[in-house]
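Results of the structural survey
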Amino acid sequence: MKQIKRQATSKVVPFTGEFYPIPDTEPTSVGNNIAAYLVIVAAALICGLSMGAISTYQSADQVQLREMKAQSQQLEKVKNQVCR
């Protein structure tokens, strides 16, 4: 079987008579669009998780819990020093 070669179409520039080939425009690949979409979704997910972690860490209950833990450790140190 013979394979038919596509002839490149040319565009003539007025006044100079030069020929310039017209580039073939192919539609963008669907894979590129899906990959870009997945990157955006992953970035949004990471951003949401980090904001949630920050808000949880800075919540009033967590701050109070950390203060109570620090006080408990200080109390344990004092108790060990007194009881020796």
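Within any chain, residue numbers begin from 1 and follow the written order of that chain's sequence. Thresholds applied to this predicted model are a pLDDT of at least 70 for local features of residues and 80 or more for the giving and counting of side-chain atom pairs; totals over whole chains, interfaces and linings are not thresholded and use all residues. Only hydrogens and water are set aside when side-chain values are computed; all heavy atoms of the structure are taken into account.

This next bit is on the overall build of the protein. What the protein contains, in helices and strands, is 2 helices and 2 strands. Reading the helices (α) and strands (β) of the protein from amino to carboxyl end gives β-β-α-α. Partly exposed residues are those whose accessible area sits between 20% and 50% of the maximum for their type, while under 20% is buried and over 50% is exposed, using a 1.4 Å probe and protein chains only. Going through the 84 residues of the protein one by one, you find that 0% of them count as buried. Think of it this way: any DSSP run of H or I at least four residues long counts as a helix, any run of E at least two long counts as a strand, and we number them from the N terminus.

A contiguous nonpolar surface patch, about 410 Å² in accessible area, is contributed by I34, Y37, L38 and V41. Position of I34 relative to the elements: it lies in helix α1 (residues 30-57). Judged by relative accessible area, I34 falls into the partly exposed class, the value being 46%. Surface patches are defined over residues having more than 30% relative accessible area and no salt bridge, joining like charges when they lie within 9 Å and nonpolar side chains (Val, Leu, Ile, Met, Phe, Trp, Tyr) when within 5 Å. Under the convention used here, a 1.4 Å probe and the Shrake-Rupley method define accessible areas, while residue burial counts only the protein chains that appear. Between Lys or Arg on one side and Asp or Glu on the other, a salt bridge is scored when a side-chain nitrogen of the former is within 4 Å of a carboxyl oxygen of the latter.

Now for the packing of aromatic side chains. Each aromatic pair joins two rings of Phe, Tyr and Trp (for Trp, the six-membered one) with centres within 6.5 Å, and gets the label stacked for planes under 30 degrees apart, edge-to-face for over 60, and tilted for any other angle. Inspection of every chain in the model, using the stated rule, returns 0 aromatic pairs. Across the ring face of Y57, the terminal group of R66 is positioned such that the distance to the ring centre comes to 3.9 Å. By the criterion adopted, a ring carries a charge over it if an Arg CZ or a Lys NZ lies within 6 Å of its centre and within 35 degrees of its normal.

Attention now moves to the confidence of the model for the protein. A score between 0 and 100, pLDDT records how confident the predictor is in each residue. Chain-level statistics for the protein give a pLDDT mean of 81 and a share of 63% at 70 or above. When the elements of the protein are averaged for pLDDT, strand β1 (residues 10-12) gives the smallest value, 62, and helix α2 (residues 60-83) the largest, 93.

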